[in-house]
Structure formats: C-alpha cells, structure tokens
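Now for the letters of each chain:
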Amino acid sequence: VTGGPCEAIGEVYDFWLNVTEDHGAANLLIEVALDPAEVHVLMPDVLTFTLYPDPTAFDEGDKGRIPSTRSSERVDASTFDNSWSLAVGAHEIEAGQRYYVSVTCGVGSEGLSFGVLAEFEDAELEATYVETDGTGAAPVMHGHICENEWMFFFANLTDGDAHAHA
C-alpha cells in the first residue's frame, strides 16, 4: 500500500510494481481510493488512474518507462464510491513484466490524500462448502470483480462436485 497527497491540480504520482514467478496464475487488481477520513461526499472526477504495462523485463537492468504521451488503454477516470480500480487478467501477466501506475490529481483534489493498493489474486478458486436448504453442502467460490475489466478464474471440481451440484 502506498499513496500520496494531492497538492495541486494536474500533479502526477507514479508508482511501479514487478511481476515475479511467485505471481504464477494470478490476476492483478489495483485500486486507488481517497482517504475516507477526509472525504464525506462523492467526488467522481477528482482523480485519474492510469495503468501502463511495460514489456521491458525489469530483470534486464532496464527500469522501463511510461510513454511520454502518458496515453494508455487502461484508464479509470470516474467513480461512484471514491475508489478507482483496474485489473490485468491472469492470461496477460508474465513474470518479468513491470507495470506503472499513475494517479493524476484533478479539480477539487487539493489537500486530499489517496492510497494505492495492488494485489495479485490467485486465478484458481477453491470451494468452501456451505450447508444449503437441507439438501447437503454446496461449493461456494469467491473472487473479486473489477468494473469494466476482465479477470479470469477457474475451479477444479471433483466428479462428485460436478454431478452433485451441476
């Protein structure tokens, strides 16, 4: 978790993260949120959150770069709950990649603080069994949803699971 204070309109904060072998078959979810202690009203356009994938492998000594145009296909510029999120699906992630995250402070952001949280979420869903309406236990699985983004999940079911709960 990291973040910063917005002190001026147009101020940009850049962060980066590396994908390693430990992240295997995982989805990447990155969230930016205004500090709830400071914000008590909806501020839908106060920040712009941009994600830049860099194909340059970080282990080659090249620190990579954010495009000079700062343009990207992955932008979240509006919110309904004072948090912004972007995701990279497990099929796109490869060990050795670096991702850059930029947060741009907009009108009304002066004096506000924000936090950035990046987490790798395993794409394999593991079932938790819960009792249903007296017919036995059914598998329940959980994964995050990121609005307007693709995240990939899979589950390995035993033959018994597949037949009993299909």
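Residues numbered from 1 in each chain as written. Predicted model: local features only at pLDDT ≥ 70, side-chain atom pairs only at ≥ 80, totals over all residues. Heavy atoms only, no water.

(A) The sheet that holds strand β8 (residues 113-122), seen in detail. Taken in spatial order, the 4 strands make up an open sheet running β1-β8-β3-β6, and their pairing is antiparallel. Only two strands of the sheet have a single partner each, and these edge strands are β1 (2-5) and β6 (83-88). Put simply, the sheet's adjacent strands are angled 15° from each other on average, direction ignored. Where strand β3 (residues 26-34) meets β8, 9 bridges bridge the pair, whose relative direction is antiparallel. Among the inter-strand pairings, E31 is bridged to a residue of β8, identified as L117. (Pairing = 2+ DSSP bridges. Helix = DSSP H or I, 4+ residues; strand = E, 2+ residues; numbered from the N terminus. Axes fitted to C-alpha atoms, helices over the stretch in contact; angles between N-to-C directions.)

(B) Quick look at the nonpolar core. The biggest cluster of nonpolar side chains holds 26 residues, and the ones touching the most others in it are I30, V32, L34, L47, Y99, F114 and V116. Secondary-structure elements contributing two or more residues to this core are β2 (12-18), β3, β4 (47-54), β6, β7 (98-105) and β8. In contact with Y99, other than residues within four places in its own chain, are F15, W16, L17, V19, L28, L51, Y52, P53, V88, E92 and I93. (Core = buried A, V, L, I, M, F, W, Y, C linked by side-chain atoms within 4.5 Å. Buried < 20%, exposed > 50% of the residue type's maximum accessible area, 1.4 Å probe, protein only. Contact = heavy atoms within 4.5 Å.)

(C) Quick peek at the pattern of salt bridges. By the definition in use, this model includes 2 salt bridges. The residue R74 makes a salt bridge to E92 at a minimum N-O spacing of 2.4 Å. Note that R74 is positioned in strand β5 (residues 74-76) and E92 in the loop between β6 and β7, a separation of 18 residues in sequence. For R74, a relative accessible area of 15% gives the class buried. (Salt bridge = Lys/Arg side-chain N within 4 Å of Asp/Glu carboxyl O.)

(D) Here's a closer look at the confidence of the model for the protein. Per-chain confidence: the protein averages 77 in pLDDT, with 67% of residues scoring 70 or above. Between the elements of the protein, mean pLDDT differs from a low of 50, seen in helix α1 (residues 159-164), to a high of 91, seen in β7. Below a pLDDT of 50 lies the segment residues 162-166, which in the model reaches 5 contacts outside its immediate sequence neighbourhood of four places, other chains included. (pLDDT = per-residue confidence, 0-100.)

(E) Molecular detail of the sheet that holds β4. Within the open sheet, the 4 strands sit side by side as β2-β7-β4-β5. Their pairing is antiparallel. Each of the sheet's edge strands pairs with one partner strand only, and the pair in question is β2 and β5. Pairs of neighbouring strands in the sheet enclose a mean axial angle of 15°, with direction left out of account. Here β4 pairs with β7 via 8 bridges, running antiparallel. When the sheet's bridge partners are listed, D54 is paired in β7 with R98.

(F) Here's a closer look at the side chain of D76. The topology assignment puts D76 in strand β5. As a buried residue without a salt bridge, D76 has its nearest oppositely charged side chain in R74, at a separation of 11 Å. Polar side-chain contacts of D76 include one of 3.0 Å to the backbone nitrogen of S85. Setting aside its immediate chain neighbours within four residues, D76 contacts L47, T48, F49, W84, S85 and L86. (Lys, Arg positive; Asp, Glu negative; His and termini not counted. Polar contact = N/O pair within 3.5 Å; in protein donor to acceptor, adjacent residues only side chain to side chain.)

(G) How the structure looks around the state of the cysteines. With the rule as written, the count across this model stands at 1 disulfide. C6 shares a disulfide with C105; S-S distance 2.1 Å. Judged by the sign of its S-S torsion, about -80°, the bond between C6 and C105 is left-handed. Placement of C6 in the loop between β1 and β2 and of C105 in strand β7 is noted, with a sequence separation of 99 residues between them. The pair formed by C6 and C105 is uniform in burial state, with each residue classed as buried. (Disulfide = S-S within 2.5 Å.)

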